[in-house]
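Understanding the architecture of this molecule
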Amino acid sequence: PMPNRELAVGFDDRSGGIFVGNMCHSPNVQAVKYIVFSILDKYRDTLPPGFIVHLVLSRTKYCEYDLVQSLMLRSDVQVHRDITDEALQDLHNKVRVMVAPLFYGAGVKGKINYALLRGVPVVGTQISVEGMHLVNGESTLAAHTPVEFRDNIVAINNNATLWQTLRR
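Described below are features of the structure shown in this document.

Cut-offs applied
Throughout, a residue's number is its position along its own chain's written sequence, starting from 1. With pLDDT at 70 or above as the cut-off, local features in this predicted model cover only qualifying residues; side-chain atom pairs require 80 or more to be listed or tallied, and sums for whole chains, interfaces and linings still use all residues. Excluding hydrogens and water, the side-chain figures rest on all heavy atoms present in the structure. By the criteria applied, helices consist of DSSP H or I runs no shorter than four residues and strands consist of E runs no shorter than two, each listed in order from the N terminus. Only C-alpha atoms enter the radius of gyration; for comparison, a globular chain is expected to reach 2.2 Å times N to the power 0.38, where N is the number of residues. Throughout, exposure labels follow a simple rule: accessible area from a 1.4 Å probe, protein chains only, divided by the maximum for the residue type, with under 20% read as buried, over 50% as exposed, and the rest as partly exposed. We call two residues in contact when some of their heavy atoms are within 4.5 Å. Note that accessible areas follow from Shrake-Rupley with a 1.4 Å probe, and for residues the cover is restricted to the protein chains shown. Working convention for charge: Lys and Arg count positive, Asp and Glu count negative, and His plus the chain ends are omitted. Lys charges are placed at NZ, Arg charges at CZ, Asp charges at CG and Glu charges at CD. Disulfides are defined as cysteine sulfur pairs within 2.5 Å. To qualify as a nonpolar core, a set must consist of buried Ala, Val, Leu, Ile, Met, Phe, Trp, Tyr and Cys residues joined through side-chain atoms within 4.5 Å. To estimate how far a helix should extend, the number of its residues minus one is multiplied by 1.5 Å. Bend at a given residue is defined as the angle between two axes, one fitted to the seven residues that end at that position and one fitted to the seven that begin there. In this analysis, strands are considered paired if DSSP registers two or more bridges between them. Each axis is a line fitted through C-alpha atoms, taken for helices only over the stretch in contact, and angles between the N-to-C directions span 0 to 180 degrees. For classification, angles of less than 35 degrees are called roughly parallel, those exceeding 145 degrees roughly antiparallel, those between 65 and 115 degrees roughly perpendicular, and all remaining angles oblique. Here the nonpolar group is Ala, Val, Leu, Ile, Met, Phe, Trp, Tyr, Cys and Pro; Asp, Glu, Lys and Arg are the charged ones; every other residue, Gly included, is treated as polar.

**Notes on the overall build of the protein chain**
- A count of helices and strands for the protein chain gives 7 helices and 6 strands.
- Shown N-terminal to C-terminal, the secondary structure of the protein chain runs as helices and strands in the order α-β-α-β-α-β-α-β-α-β-β-α-α.
- For the protein chain, whose C-alpha radius of gyration is 15 Å, the value lies close to the compact-globule estimate of 15 Å for 168 residues.
- In terms of its C-alpha atoms, the protein chain occupies a principal-axis envelope of roughly 40 × 35 × 30 Å.
- Among the 168 residues that make up the protein chain, the fraction classed as buried is 49%.
- If you take every contact in the protein chain between residues at least 6 apart in sequence, the share linking residues at least 24 apart comes to 69%.
- With the model as given, the accessible surface of the protein chain reaches about 8100 Å², and the carbon-plus-sulfur share is 52%.
- Treating the 17 positive side-chain charges of the protein chain as one cloud and the 16 negative ones as another, the clouds have centres 2 Å apart.

**Notes on the state of the cysteines**
- Considering all chains together, one arrives at 1 disulfide under this definition.
- Two residues, Cys24 and Cys63, share a disulfide whose sulfurs are 1.9 Å apart. Sign of the S-S torsion, about 95° for the bond between Cys24 and Cys63, identifies this disulfide as right-handed. A residue pair is termed long-range when its members are at least 10 positions apart, and Cys24 in the loop between β1 (17-22) and α2 (26-43) and Cys63 in the loop between β2 (53-58) and α3 (65-71) qualify at 39 residues.

**A short note on the side chain of Asn28**
- In this structure, Asn28 sits in helix α2.
- When its relative accessible area of 5% is taken as the criterion, Asn28 is described as buried.
- Beyond its immediate chain neighbours, meaning those up to four positions away, Asn28 contacts Phe19, Val20, Gly21, Asn22, Leu102 and Lys111.

**Some words on the nonpolar core**
- Core analysis: the largest hydrophobic core is formed by 33 residues, its most contacted members being Leu55 and Ile156.
- At the level of elements, α2, β2, α3, β3 (77-81), β4 (97-100), α6 (146-158) and α7 (160-167) are the ones that each hand at least two residues to this core.
- The leading source of residues in this core is α2, at 8 residues.
- For Leu55, the residues in contact, after removing those within four places along its chain, are Phe19, Val32, Ile35, Val36, Leu71, Val77, Gln78, Val79 and His80.

**Concerning α2**
- An ideal rise of 1.5 Å per residue puts 26 Å on 18 residues; α2 measures up with 24 Å between its terminal C-alpha atoms.
- Where α2 bends most, the angle comes to about 30°, and this point is Tyr34.
- All of the buried residues along α2 are Pro27, Asn28, Val29, Ala31, Val32, Tyr34, Ile35, Val36, Ser38, Ile39, Leu40 and Tyr43.

**Side note on the sheet that holds β2**
- Across the sheet, which stays open at both edges, the 6 strands sit in the order β3-β2-β1-β4-β5-β6 with parallel pairing between neighbours. Two strands in the sheet have a free side with no partner beyond their single neighbour: β3 and β6 (141-142).
- Of the strand pairs in this sheet, β4 and strand β5 (residues 122-124) are connected by 3 bridges, and their pairing is parallel. Across the sheet, residue Ala100 finds its bridge partner in β5, namely Gly124.
- Of the strands in this sheet, β1, β2, β3 and β4 are in contact with helix α4 (residues 85-92), which crosses β1 at around 150°.

**Brief notes about the packing of α6 against α7**
- Contact geometry of α6 with α7 gives a least axis separation of 5 Å together with a crossing angle of 100°. On the basis of their axis angle, the class for α6 and α7 is roughly perpendicular. For the pair α6 and α7, contact is made by Ala155, Ile156 and Asn158 and by Ala160, Leu162, Trp163 and Leu166, respectively.
- In terms of residue class, the contact of α6 with α7 is built from 6 nonpolar, 1 polar and no charged.

Quick look at the structure:
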(Lines give C-alpha, C1' and ligand atoms only; values in the text may rest on other atoms or scores of the structure.)
Protein backbone atom coordinates (compact mmCIF):
# COMPACT_ATOMS: atom_id res chain seq x y z
CA PRO A 1 0.00 0.00 0.00
CA MET A 2 1.03 3.58 -0.65
CA PRO A 3 1.89 5.77 2.32
CA ASN A 4 -1.00 8.15 3.15
CA ARG A 5 1.13 11.21 2.38
CA GLU A 6 1.37 10.23 -1.29
CA LEU A 7 -2.33 9.40 -1.52
CA ALA A 8 -3.21 12.89 -0.32
CA VAL A 9 -1.40 14.59 -3.20
CA GLY A 10 -3.87 14.44 -6.06
CA PHE A 11 -3.77 14.91 -9.82
CA ASP A 12 -4.42 18.67 -9.79
CA ASP A 13 -1.55 19.30 -7.37
CA ARG A 14 1.04 17.58 -9.56
CA SER A 15 2.81 18.36 -12.82
CA GLY A 16 5.77 17.26 -14.87
CA GLY A 17 7.82 14.12 -14.92
CA ILE A 18 10.75 12.53 -13.12
CA PHE A 19 13.72 10.32 -13.90
CA VAL A 20 16.16 9.01 -11.30
CA GLY A 21 19.62 7.71 -12.12
CA ASN A 22 23.27 7.29 -11.27
CA MET A 23 25.28 9.09 -13.97
CA CYS A 24 28.11 6.54 -13.78
CA HIS A 25 25.71 3.87 -15.10
CA SER A 26 25.54 4.03 -18.89
CA PRO A 27 21.86 2.99 -19.28
CA ASN A 28 20.91 6.00 -17.14
CA VAL A 29 23.11 8.35 -19.18
CA GLN A 30 21.46 7.09 -22.36
CA ALA A 31 18.01 7.55 -20.76
CA VAL A 32 18.75 11.14 -19.73
CA LYS A 33 19.95 11.99 -23.24
CA TYR A 34 16.89 10.29 -24.73
CA ILE A 35 14.49 12.25 -22.50
CA VAL A 36 16.12 15.57 -23.31
CA PHE A 37 17.14 15.22 -26.94
CA SER A 38 14.62 12.72 -28.34
CA ILE A 39 11.49 13.66 -26.39
CA LEU A 40 11.74 17.21 -25.02
CA ASP A 41 13.65 18.76 -27.92
CA LYS A 42 11.58 17.10 -30.65
CA TYR A 43 8.12 17.39 -29.11
CA ARG A 44 8.27 20.49 -26.90
CA ASP A 45 5.32 22.10 -28.71
CA THR A 46 3.04 19.10 -28.25
CA LEU A 47 3.84 18.27 -24.62
CA PRO A 48 1.63 19.73 -21.88
CA PRO A 49 2.24 23.47 -21.37
CA GLY A 50 5.00 24.06 -18.84
CA PHE A 51 5.93 20.37 -18.70
CA ILE A 52 9.34 19.89 -17.11
CA VAL A 53 11.27 16.77 -16.20
CA HIS A 54 12.96 16.54 -12.83
CA LEU A 55 16.24 14.69 -13.37
CA VAL A 56 17.34 13.28 -10.03
CA LEU A 57 20.96 12.42 -10.67
CA SER A 58 23.67 10.98 -8.46
CA ARG A 59 27.45 10.76 -8.89
CA THR A 60 27.42 13.84 -11.13
CA LYS A 61 30.83 14.99 -9.84
CA TYR A 62 32.43 11.80 -11.18
CA CYS A 63 30.59 11.05 -14.40
CA GLU A 64 29.01 13.10 -17.18
CA TYR A 65 29.80 16.38 -15.43
CA ASP A 66 29.67 18.46 -18.65
CA LEU A 67 26.34 16.95 -19.71
CA VAL A 68 24.82 17.66 -16.30
CA GLN A 69 26.11 21.25 -16.34
CA SER A 70 24.53 21.83 -19.77
CA LEU A 71 21.21 20.36 -18.60
CA MET A 72 21.13 22.77 -15.68
CA LEU A 73 20.84 25.65 -18.16
CA ARG A 74 17.59 24.37 -19.66
CA SER A 75 14.15 25.65 -18.71
CA ASP A 76 12.38 22.34 -19.43
CA VAL A 77 14.61 20.32 -17.08
CA GLN A 78 15.28 20.70 -13.41
CA VAL A 79 18.40 18.88 -12.24
CA HIS A 80 18.56 17.63 -8.66
CA ARG A 81 22.01 16.34 -7.70
CA ASP A 82 22.71 13.89 -4.89
CA ILE A 83 19.54 14.70 -2.94
CA THR A 84 18.28 13.21 0.31
CA ASP A 85 15.69 10.44 0.50
CA GLU A 86 13.19 12.96 1.90
CA ALA A 87 13.76 15.33 -1.03
CA LEU A 88 13.30 12.43 -3.46
CA GLN A 89 10.03 11.50 -1.81
CA ASP A 90 8.87 15.14 -2.00
CA LEU A 91 9.62 15.22 -5.73
CA HIS A 92 7.60 12.06 -6.28
CA ASN A 93 4.70 13.85 -4.54
CA LYS A 94 4.92 16.71 -7.07
CA VAL A 95 5.07 14.89 -10.42
CA ARG A 96 2.46 13.12 -12.51
CA VAL A 97 4.66 10.65 -14.37
CA MET A 98 7.92 8.70 -14.21
CA VAL A 99 9.63 8.73 -17.62
CA ALA A 100 11.81 5.63 -17.98
CA PRO A 101 13.39 5.13 -21.40
CA LEU A 102 15.80 2.33 -20.48
CA PHE A 103 16.99 0.29 -23.46
CA TYR A 104 19.44 -2.10 -21.84
CA GLY A 105 20.33 -3.38 -18.41
CA ALA A 106 19.12 -6.30 -16.37
CA GLY A 107 16.95 -6.89 -13.37
CA VAL A 108 14.16 -5.11 -11.57
CA LYS A 109 14.63 -1.34 -11.52
CA GLY A 110 14.53 0.33 -8.11
CA LYS A 111 13.53 3.66 -9.68
CA ILE A 112 10.38 2.02 -11.09
CA ASN A 113 9.49 0.32 -7.79
CA TYR A 114 10.02 3.59 -5.92
CA ALA A 115 7.72 5.51 -8.28
CA LEU A 116 5.01 2.86 -8.21
CA LEU A 117 5.13 2.64 -4.41
CA ARG A 118 4.48 6.38 -4.30
CA GLY A 119 1.64 6.30 -6.80
CA VAL A 120 3.51 7.83 -9.73
CA PRO A 121 2.47 6.24 -13.05
CA VAL A 122 5.32 4.97 -15.21
CA VAL A 123 5.84 5.37 -18.94
CA GLY A 124 8.66 3.05 -19.82
CA THR A 125 10.23 0.61 -22.19
CA GLN A 126 9.96 -3.16 -21.84
CA ILE A 127 13.44 -3.19 -20.27
CA SER A 128 12.31 -0.62 -17.68
CA VAL A 129 9.63 -2.91 -16.30
CA GLU A 130 11.07 -6.35 -17.00
CA GLY A 131 10.35 -8.96 -14.38
CA MET A 132 7.77 -6.80 -12.62
CA HIS A 133 4.58 -8.32 -14.11
CA LEU A 134 3.19 -4.91 -15.00
CA VAL A 135 0.41 -4.74 -17.59
CA ASN A 136 0.39 -2.08 -20.31
CA GLY A 137 -2.64 0.15 -19.90
CA GLU A 138 -3.44 -1.14 -16.40
CA SER A 139 -0.34 -0.64 -14.27
CA THR A 140 2.02 1.13 -16.68
CA LEU A 141 2.15 2.57 -20.18
CA ALA A 142 4.64 1.07 -22.61
CA ALA A 143 6.67 3.23 -24.97
CA HIS A 144 9.47 2.36 -27.35
CA THR A 145 9.77 5.43 -29.56
CA PRO A 146 9.93 9.15 -28.80
CA VAL A 147 6.42 9.58 -30.25
CA GLU A 148 5.05 6.85 -27.96
CA PHE A 149 6.69 8.47 -24.95
CA ARG A 150 5.24 11.85 -25.92
CA ASP A 151 1.77 10.42 -26.55
CA ASN A 152 1.72 8.56 -23.21
CA ILE A 153 3.04 11.57 -21.28
CA VAL A 154 0.28 13.69 -22.83
CA ALA A 155 -2.36 11.02 -22.11
CA ILE A 156 -1.43 10.82 -18.42
CA ASN A 157 -1.28 14.61 -18.07
CA ASN A 158 -4.65 15.15 -19.76
CA ASN A 159 -6.64 12.33 -18.19
CA ALA A 160 -7.11 12.19 -14.41
CA THR A 161 -9.00 8.89 -14.70
CA LEU A 162 -6.14 7.22 -16.55
CA TRP A 163 -3.67 8.66 -14.02
CA GLN A 164 -5.75 7.22 -11.13
CA THR A 165 -6.03 3.83 -12.82
CA LEU A 166 -2.29 3.58 -13.37
CA ARG A 167 -1.35 4.71 -9.89
CA ARG A 168 -3.50 2.01 -8.30
